[in-house]
Every structure is written in C-alpha cells, then in structure tokens.
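Listed below are the residues making up each chain.
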Protein chains: 4
Amino acid sequence: MLVVMKKGSTQEDLAGVIGKITQSGLAGHISQGVERTVIGVVGQTYPELRDILEFLPGVEEVIPISKPYKLSSREFQHEDTRIKVGDVVIGGEELVIIAGPCAVETENQVLATARAVKEAGANKPSTSPYQFRGLGKEGLEILALARAETGLPLITEVLTPHDVELVARYADILQIGARNMQNFALLDEVGKVKNPVMLKRGMSATIQEWLLSAEYILSQGNRQVMLCERGIRSFDTYTRNTMDISAIPVVKKLSHLPIIADPSHGTGKWYLVAPLALAAVAAGADGLMIEVHPNPDQALKDGAQSLTFDSFQQLMSQLAPVASSVQRKLPAKPGDKVDQ
Amino acid sequence: MLVVMKKGSTQEDLAGVIGKITQSGLAGHISQGVERTVIGVVGQTYPELRDILEFLPGVEEVIPISKPYKLSSREFQHEDTRIKVGDVVIGGEELVIIAGPCAVETENQVLATARAVKEAGANKPSTSPYQFRGLGKEGLEILALARAETGLPLITEVLTPHDVELVARYADILQIGARNMQNFALLDEVGKVKNPVMLKRGMSATIQEWLLSAEYILSQGNRQVMLCERGIRSFDTYTRNTMDISAIPVVKKLSHLPIIADPSHGTGKWYLVAPLALAAVAAGADGLMIEVHPNPDQALKDGAQSLTFDSFQQLMSQLAPVASSVQRKLPAKPGDKVDQ
Amino acid sequence: MLVVMKKGSTQEDLAGVIGKITQSGLAGHISQGVERTVIGVVGQTYPELRDILEFLPGVEEVIPISKPYKLSSREFQHEDTRIKVGDVVIGGEELVIIAGPCAVETENQVLATARAVKEAGANKPSTSPYQFRGLGKEGLEILALARAETGLPLITEVLTPHDVELVARYADILQIGARNMQNFALLDEVGKVKNPVMLKRGMSATIQEWLLSAEYILSQGNRQVMLCERGIRSFDTYTRNTMDISAIPVVKKLSHLPIIADPSHGTGKWYLVAPLALAAVAAGADGLMIEVHPNPDQALKDGAQSLTFDSFQQLMSQLAPVASSVQRKLPAKPGDKVDQ
Amino acid sequence: MLVVMKKGSTQEDLAGVIGKITQSGLAGHISQGVERTVIGVVGQTYPELRDILEFLPGVEEVIPISKPYKLSSREFQHEDTRIKVGDVVIGGEELVIIAGPCAVETENQVLATARAVKEAGANKPSTSPYQFRGLGKEGLEILALARAETGLPLITEVLTPHDVELVARYADILQIGARNMQNFALLDEVGKVKNPVMLKRGMSATIQEWLLSAEYILSQGNRQVMLCERGIRSFDTYTRNTMDISAIPVVKKLSHLPIIADPSHGTGKWYLVAPLALAAVAAGADGLMIEVHPNPDQALKDGAQSLTFDSFQQLMSQLAPVASSVQRKLPAKPGDKVDQ
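What counts and what doesn't
- Residues numbered from 1 in each chain as written.
- Chains lettered and ligands numbered in written order.
- Predicted model: local features only at pLDDT ≥ 70, side-chain atom pairs only at ≥ 80, totals over all residues.
- Heavy atoms only, no water.
- Helix = DSSP H or I, 4+ residues; strand = E, 2+ residues; numbered from the N terminus.
- Buried < 20%, exposed > 50% of the residue type's maximum accessible area, 1.4 Å probe, protein only.
- Contact = heavy atoms within 4.5 Å.
- Areas by Shrake-Rupley, 256 points an atom, 1.4 Å probe, with all protein chains shown as cover.
- Pairing = 2+ DSSP bridges.
- Least-squares fit on C-alpha atoms with pLDDT ≥ 70 in both.
- Right-handed = clockwise from strand over helix to strand, strands pointing away.
- Phe/Tyr/Trp six-rings, centres within 6.5 Å; stacked < 30°, edge-to-face > 60°.
- Lys NZ or Arg CZ within 6 Å of the ring centre and 35° of its normal.
- pLDDT = per-residue confidence, 0-100.

Asker: Give a detailed account of the overall build of chain A, specifying residues and quantitative values.
Answerer: Within chain A, the regular secondary structure consists of eleven helices and 14 strands. A buried classification covers 62% of the 340 residues belonging to chain A. Long-range pairs, those at least 24 residues apart, make up 69% of the contacts in chain A between residues at least 6 apart in sequence. About 12,500 Å² of surface is accessible on chain A, with carbon and sulfur atoms providing 50% of the total.

Spelled out as structure tokens, the structure:
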C-alpha cells in the first residue's frame, strides 16, 4: 500500500500518517519526490486501512499494490488447478463440455437431453432450478435419474445457504449464479462442502471482484473452484449480455483456477452460441457450458438461447479442429476408441 | 406484445406465429405495413412468450409494450404510497432522514451516534450488520437499546431468507442491500412479513429491473416498499459508484413508491455526500440515508464515506432551505415547537 | 510514477528498470517491501514512459501518481476561474443561464425564443448548427440578429477546425460538442482564438479524460475554458443519457474551471429537465444550459427535450430559492432593480 | 413506427396523434388491445417524427420498428460485400492481415516492419499519424516508400475533413478512428472519395450507431466500407478496452460489410493480442489489424500493445489452423506456391 501525500502537505500531516501506520503494527517508508512525498506501507495491510489513511489530513490518495487475493492467484500457485469429477478432469488438456437444459421441466425432457448430449460428446448435463423451485427435491431426483442412466456428472445451481446441504447430496458440482457472486452467506456455505464449485461472474463484476469471491470460497477450505464467464452488462442492448472473451486469457494470467465459458447466457441468442463458443476455446477456455433443449421453441425458460440436438452436434464437430489448433481436445465420445 | 415479422417472411411464417399465439390462449391482430407486417398480441401475455415467439421462423423481433410491473406502477395506483413507522411517515411532505453508523461496532458508538443524529434532526438510525455478523443477535440488541433510548425507529439489513424472522422482530424496517436486489428467495421472505422494506438498487440494475424486484415483494402481500438509489456502476472510477440522481424523478413518474437517496454509498467519499444530498432532495427524493460516525477515521468500515456529527449537523442546516424550495420540510427536531 | 516489481523478479530485472529510468533523464528510488520492491520515479515523467516501463521484464505494474493535467488543476490555481462575456461573469456568485433553441430553424423562432428567455431571466441563447448546416453562415447571421436585438451573448457549436475562424467572428462563446471532446485537431484551433470555450463532456469520457481535453485547449494559450456536464452513457436506456450530477462537485474539487450543467441533453426528456436543473444547482453548478422552443412539438430537432416558454419561466422561479440556499443567485431580469 | 397510447388516454388524444401522422404524409393504423391502443405508422418515417409523436398528449411510448439503416443492411444486400485493394480482396475466403506500426517514427522503423510483416504473411502495413502530425506529409511519403518496396497496400488514418484529399492520394485505404466515428463532417468527405474506408467502432457506440455511421458514408456514394471492432468501454479497467467479440457475428448477421478485428487496441496489452486474434477469427472476422514494432519497448506510442516480429510470426502460425477450422485461409506468403 502506498500513501501519496498532497502537494503542500505539512510535516505534521506526514507525522500523522506515519503514526497511524505504526499504530496498526506496520512500518512506513518515506520516499521524497520532486513534487510529492510517497509513503510505502510495509507489512501485512488490510482493506479497511485504505479508507482510514485516505481520511487523514494531507493525504492525496492511497494506492493498494498487493493484489487483494492470494489463494486464487497464480503468484501463489504456479500450476493450473485441475478438478476431478468422476472420470472427468476440469482444467486439463481435454475440454469439459457442460450441456443440458437450463431448467428441469419433465423427466422426459431431461433424459432425452442427457442422452443426446452424451451422444454428441458432452461430459455433463447442467440445470438451474431457478424458475422451477416448485419441483425442488423432485427436480433433483429427475436429474439424479439422468446421471444414473448416462453416467454424466451433474451440476446444479444452489440459491440459498440453507439449500447447500441438500443440493450437495445430489449434484456433483454446485453452481453459484451470477446474481449470487457476492452473496457471501452463500459463498461461506459452499466453501465448507466437498463438492467442486462453479462460480459465475456477476453481471457487472470486475475480474478482481470475481477473483475475490473465488478467494472467499477457497479461504473456507474448498479448493475446487472453477470460474465461469457468462457475459457482462454493457451499454449495448442487442445481445442480452456482452460476452467478455478477453476475461479468459486475463484470468489464465492472474489465476490458476479453471475457466469455463457460457455463450448461451453470454449472448442470449442461439445463433450467436456457436461463434462465441469457438472464440472462447480459441482464447483458451477450459470448457463450455451450453444450453440444449429437445424443442427450444417450447422451452419454458431461455428457449431463445438453447441449441437443438442437431445444432449442438454440429457445434461439437466445428469445435474439434479449433480445439486442436490450441493444443486442446474434445472429450472422447461414447463410441470413440480408447486410444484416441 | 408486438411481433414484427421479417421483410420477406412468408404467409406460412405468419400462420405459424398466429398459431402459437392462439395456442397460448391469446389473440393475434395482424397489421400490414408497407415494409413489414406487425402482429399485436391481445390478452394477458407472460415474459417467456417473448422468447418463444422470437424463435419462430420469419420473426424479426418481439417488442413488449405493457410494462412488466403493475402493483408498483403509477398507472395502477395514482396517489403516492405513504409508509408509517411509529410517528414517521415516509413519502409525505416531511423528508425522512435515516442517519447512523454503517456497522455496529460497540454499544457506545451506536448510542452516541443515535443521540447525535436525533439532536441534529434525523428520524432514524440505520445499520448494516454485514461485516459484523459475528455480533449477530448481540448487534441487534445494541440497536434495540438505541431505539429504546432515543425513540428513533430502526432499519437493518437482512442478508439471508433464514434471518428474516429474527431481524423483523428487532428492526422497524428491513433493508435489502444492492447485492441482494435480485435474490428472489430473500425477496420472497420479506414479502411475507409486516415490516416495511427498503429495497436498494442493484449496482447495475436498470430502473425497470429495480421496479420488478419491488413488484416481487409487493406481489407476496407486503405493500410497504420504499426504494433507495445508492449509485450505479459506470466506467468512471473516481467515485466508487455513480449516483443516478435522474432515477429519482424517473421513479416518481413510473411508480407511487417512496424513494430515498443514499449519497454515502452513492459516492464513497465524505466530501461528496453533502452536495449529492442537496441534489437528491432538489430532484424530489423523499428522504436521505446518511452514514454518520463519531470518529470516521477510526471506523472499521466505510469511514471514508461517513460524516462526523458536526458535518452532519451542517448538512441538515443547508438542507432546510433546499427542502422548502421544493415544498418539502425537514423532520421536527427534539426541541422544536409542536406547531412547526 | 511508481514501478511495482513482480514477486520473484530478479536483481537483473531491477537493474534493467533503473537503467531505463536513468536513460530517460530521471532518477529511480528503490523501496524494498516485504513482498515487493517498488521504484519511485523522480523527475518530470511523460505518459509514454508508463508503457515503456510496463513492458520491461520483472515489472508487475506502473502506477502514475502525478495527475496528468496541470493547468486545469486546482493544485495549480487555487481560485476559481471567472470568465467575462459582455456583462456576464461565468463562475461567480451569479449563475449563468444559457437558454435557447437547439437548432436554428427560422428567424422568427430564434428571435421569439431569445426575447422569451431574456424576459424570463436567462443571460444567453444557445444554438447548435448541427442538423442545419445547410443554413451555415445564414444561420449565424440570424443568431447575430438575435444578439443585436436582445443584447444576449451568443454561444454556438463549432464542428471542424476549418470553421473555427468564421464562427469565432459571430459567436461570443465557442462550444465543443460531446462527440468532439477528443477531436484534438479541433481543440488545437479553439485553443488559439480569444473566445471563451465551453467543452462538453464526451458520452463515455472519464472526468480525467475530460480535464485532459480542457488541458489541451489551455495549453494552446486559451485560458477561458468552461466545462459542461451533459450526461454519460450507462447501461440504463430509460433516459437518453445518465446525468452525472456527482461530476459537478468532483470537478469543483479537482479544477478551478467553471462547470455548467445541460439537463436537456443529459436526460432527453422535457419532464426531467426541471428536477435535474434544480439538482445541478444544488450540487454546485455554475450555470445551466436549457433547450427552449416556442413549439417543442413542432421542433425539427430535440423537441422532446425542449421546454416551452411557460415551463422555462416556471423553472426559473423554482430555481431562485434553490440557488439562494447554496449562496448563489439568478441573473437579474430586465425589469429588476439595479441594486438587486 | 408504433405509437403506444397510455392507459386512460382519450379519444381526443388519439385523434391528435392520427392528425399529426396524417399531416406528415403518413397513415395511422389503429389497433385496440385489451389494455392499450397501439397505432402503426405506415409510410416512410423519419427519426425526428419519434420525438414529435412522443411529445403529444396521451402517448406512452413510440417504438421504431424499421431499422434506421438500409444500405448497410443485409436485408438490402444479401451477399457479402467484397472490397478489392490491389491484389487483396477483403471479405472473401482469404483473411486480410493488416500489420504495422501504430505511428511513423523513422523511415527505418517503417521499412523494417513492412518487410518483416510481409515475410510473415500480412497483406498490409497500417499506421496512424496521430501523435506524429509533425511529420505530416513527410510521414505519408515514408509510408509510400514502404508500399513501393514491398507492394503492400497502405492504410492510414485521416483526422480532419480538410486532410482527406491529401491522404487519399497516398493511402490505399482511409481509416476513420474510433474517436471520429460520429464526426459527420469527416464521414461526409470520405464518402465522396474512391478509396475504401475502414470505420472503427466508437468506444461507446452501440452496434446500431456504428452501422448508422457506415450508412452515412455509403449514402454519400462510397460503397467500399469495412468495419473494425477495437474494443468498447466497460466498467472493468484491467484491459484498456473490452474487446466485443460478439459484435463480429452480430455485424455479420445484420450487415453485408466486412469486419476486421483490432486486438491490439482492443486489449492494450501485447500478451492478450494472440488469444483475442484467434478468438476473433474463430468468431468469423474477415481479418485482423495488429500492431507490430521492431522494438516495442522503445516505441514512442502504444509499445505495450505491439508485437515483436517474432511474436507476430508465431501468431501467424497459430492462426492458420484456426482459420481453416472456420473455412478461411491466411494470405499466401511471398515464398508460397501460387496454387496454394
């Protein structure tokens, strides 16, 4: 943390700042420039200190220089984190393809979709119970059926701290939705279970805020966190959100955590899903999350952004050469030879 | 809802759209323009219908024309909603001044602040237990003490659905924070209690999304909802948030609900609190929420945006003439004559 | 400028950075923290140096600490700049009210408006020739007529470097529109004339970028620059722009230049003009720019945001008490006693 | 254009709206819903009509339904526009790679870069004279030398209407920078010359505004317009801009004009250039614009976002398989067989 003093600040101001720093158990290192004096704060600072110092007379600005996250930082851990779920490894050479309906409507819809995406090469179905909380536990049981039949692991959104335990019993991966990225009571709870967590980026969260939320989960003891870019809010309204593809290489640089891209929510329009999925993989994403529905035009939720089975299959075949261009590969399909 | 057909869409496309509308129990009214055909959907539509219709062949765009909120709309209720809390009326001629510490630190801090703000003319202390969940119930009890001594009503943030019942027993008004504006599980719960609710605007929520969240609470049966503008996220980083003063007259036009302004969180800097507070009242706000702390430079949270007792008192005296310029008045102070 | 070295950067990296700093004629002051080394750059730095240093091996981040503007900074000049145009002083106790049509349509429209706004107490008509370049010089002559008859000074937008000389001959104040805030070829030219310049904020310009554009004009020798806040682009689409009222006290703190508010363009809706005008003055604006039109519903441009003569007059009478609440006053009206 | 009447609007209001529509030479088609009346405006509307109608009593909202651009729309022209510059075709199967220094510094720098990028397979050098206007005509002559020696066509930014003629004599393609996207005086001029124009997206321009600026050039008679996505302004500050990769498939859907991606300006950081370049091509871009400099750490401008010759060459070899995954190919390199 650096404290920049105002032009014309007095020796008394300087002494006041140094006093407050010392009082906090830290040391202040004065550096006299031509125009300004800067004080380097040496020791383990804490966020509130910034506000406190900024308030003192003679202080122009306080600049934090340590990144506020550690456990999620690549400086802390050089190698990529890999998360194992059943036979699937997230964050390795093989891309992870999470495909499925956005919401549980009926047993038939879920099972048909699970079979189709498995056939096309996805390794996981997904669902968000949001609009269908009525189904609740019943919805989870339908999903469990699909898992039992297809062997595909299950990812499900959890909405309140109270539900974490129940959902963790059924789902392989817990998803924190964009709206809950800073719901710290919920982050607390998922930080205490053993299931891997997928943390979606808040609609207007900076990359740093996103990593701080990941940090929050990691610091509770759960080290199996993956991130998911799903579009940010911008001034343009043509797409529902603006997919921030650049966040993918930025996260890869700053953090060792795996990052997934969700072009379905990221664009809100089915015809943009394939180009953005290809772009995300080209930019270095560790996987994709894609909405698939047997009959998107009859879906009760998010039909406009869902792919049909056919268009999902087509996307998978376009994806293979792009993946191999960036030294990644698609998951093996059911019929593939083992040695692929 | 209006369905705009593509140039060059076919009669078959048109029949498909009309069929889907009819199948949903609604009627379609075709209007043939020179360049395009537009179908008006007559009857009670629902949000998902938009996605479904947008997906059909030949459809260019679907435009919702009814506002998606009703209970919170001024079309639904012409007169301003007034909310009574003890002797205080929110939404009337008298402005409501909510002032207090952002967080409960000690009994002394809370009581000293409550006395000071009461002296200066506020009608309520506020607090957010966020960073201090450790204090939990104890924090609520300290606040209850302040209420008992000063007679000032109490507003407190509630963070999870599970806490609603407890907090509702201590606090007069429940606050939903900006991060929880779309936490529907929490909105559900506060919609079921009798306490008035103050709904803060999400950092990147449109005014329409904000009113939809209010609608959600209203539709659970709780009609005592007030809104609170606390700054939105923009590209500028000089202030923590960008206080959207124009939201105040916009909300007044669209809705009958009272609206409060929070220039402390809205700017993040104490020296901007007073000018923005005056601006908010000039623009028609029904009240203000102001952070006050006996020693802002020692506050554990949000010190940089807190006013001292003195600067709060000064703001109150600047505020009086601005309020009367727009036909509002400040709450009577303890020593004021009753007939004021 | 501070150079923050990466954790784990080598002595060689450090030497490289110090070498580059020395080579640029500056000195580097090393400060060793527990986690990181920070180098303070002492001497007169320049913006490109940041990019150059950031590129060197071992460098984590380069943080500029001097503000990049000087002439426009309040550190450079403590007292408020006051700009005199005829009898009007901009930046003094008296507010400046710039009112008039957005575009020259006919001689009648301009003269009628000039008379009406003068009657109501404005001190200047404004116009932007934009959509009406066809009128060109003829438009300027119509405006000159209005000035001759009413004595009101004239402000006109200038669009290209080539037009500066002509417009400067007719107009008292040259306006740089939001779209041209970073048109440096144009800023160059207006920096060389004697007329005061009103610099509108770009739609997505940070306050710092805005002050840098002012700096650019000031550095050409023209010290009569005033700023105009006219709304920024945000994610919300209810209003055309989001009026950034907080920019007013921020600019007042950072700079000595006068600042005007334009709630007509800032909101795009006539019924929001009055509340935002009152808010701007309450927050410390030195004046207002308001679109007024004899028949807004027949205006060829920006009718939806123009006030009628009646509603303008009403705004002026609401404004007076708000102005006096913040120790400002309205310009004297034609019939007012001299000693007011 | 659709006029939505307020709930509770009167027959008189309706008659007023119809009257104004008829008076404008158009027809109004009334459609009575359960809650609201909607009037379809039939005939060739114009943008100002919206403001005029929105102003009338009883009108809730006016919704434009025709897209405001025509010449640039894919509805107007189904086939992709292809622009021929010397031997290069922009918008065809072969990607166009525009690589070069951001600014002319010295003859050596320009020639060395031109040779290196040609060797690596680019088909054009680029430059922006911005910071180096001092060089002016001399800069253009250095670029002309590079063109003469390498045969690479030349693209140069033009900054004022007055310079268009001169720059058009030297450059093959005229570039309109992001800051000038709505400088209509400049768009006018480039609309009248024969050179192809590359129109960069404004920092906070919606896709519709961008296409409207293209429309403006096209409507002056110049049909050789290509677009360039170079990042938009968002709330995140880690990258200089937020590269909007989704704009690429959106533009491809809405328009027949070619679209180029500029990941150098789009990210501002050299280590993000390659991943975003790959992503842009995967998403369907017709080409790339890349800053290359012999010694980025000594560049006078934008060094931090420039690639070295080596990293540019490496990008080109990564790019080839991604391009072929989406049925595109790189330009043939000097030594390649003709039949490739």
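Asker: Explain the pairing of strand S3 (residues 37-42) of chain A to me, and be specific about the residues and the numbers.
Answerer: Residue and element names in this part refer to chain A. Judged by how many residues are buried, S3 sits mostly within the fold: five of six residues are covered. By the bridge criterion, three bridges tie strand S1 (residues 2-5) to S3 in an arrangement that is antiparallel. The partner of Val4 across the bridge, within S3, is Val38. Bridge count between strand S2 (residues 27-32) and S3: six bridges; the pairing is antiparallel. Along S3, the bridge assignment pairs Ser31 with Val38.

Asker: So what's going on with the relation of the copies chain A and chain D? Which residues, and what values?
Answerer: Superposing chain A onto chain D requires a rotation of 180 degrees together with a translation of 0.0 Å along the rotation axis, leaving an RMSD of 0.1 Å. Both chain copies can therefore be described as sitting about a two-fold axis. Every residue of chain A has its C-alpha some distance from the rotation axis, and the shortest such distance is that of Ala279 of chain A, at 2.0 Å. Of the residues that chain A buries at the interface, 100% are likewise interface residues in chain D, meaning the two copies contact each other through the same surface.

Asker: Provide a residue-level description of the pairing of strand S12 (residues 225-229) of chain A, including the pertinent values.
Answerer: Extensive coverage of S12 of chain A is indicated by the burial of five of its five residues. The parallel pair strand S11 (residues 197-200) of chain A and S12 of chain A, bridged by helix H7 (residues 207-219) of chain A, forms a crossover whose chirality is right-handed.

Asker: Tell me about the packing of aromatic side chains, and please be specific about residues and values.
Answerer: Throughout the structure, instances matching the rule amount to eight aromatic pairs over all chains. With centroids separated by 5.8 Å and ring planes inclined at 85 degrees, the aromatic side chains of Trp270 of chain C and Tyr271 of chain C adopt a geometry described as edge-to-face. Accessibility expressed as a relative area gives 39% for Trp270 of chain C, which makes it partly exposed. Stacked on the ring of Tyr238 of chain B, the Lys or Arg Lys269 of chain B has its end atom at 5.2 Å from the ring centre.

Asker: Residue-level account of the confidence of the model for chain A, with values.
Answerer: All names here are of chain A. Residues with a pLDDT of 70 or more make up 89% of chain A, whose mean pLDDT is 85. Strand S8 (residues 126-127) is the least confidently modelled element of chain A, averaging 47 in pLDDT, while S12 averages 98, the highest of any element. Low confidence marks residues 127-134, where pLDDT is under 50. Its contacts with residues over four positions away, or in another chain, come to 28 contacts. Quick note on the complex model: pTM equals 0.88, ipTM equals 0.87.

Asker: Describe the side chain of Thr113 of chain B, and please don't skip the residues or the numbers.
Answerer: All names here are of chain B. With respect to the secondary-structure elements, Thr113 resides in helix H3 (residues 107-120). Given the relative accessible area of 0%, Thr113 is considered buried. Once residues lying within four places of it in the same chain are set aside, the contact partners of Thr113 are Gly100, Pro101, Val292, Pro294 and Phe309.

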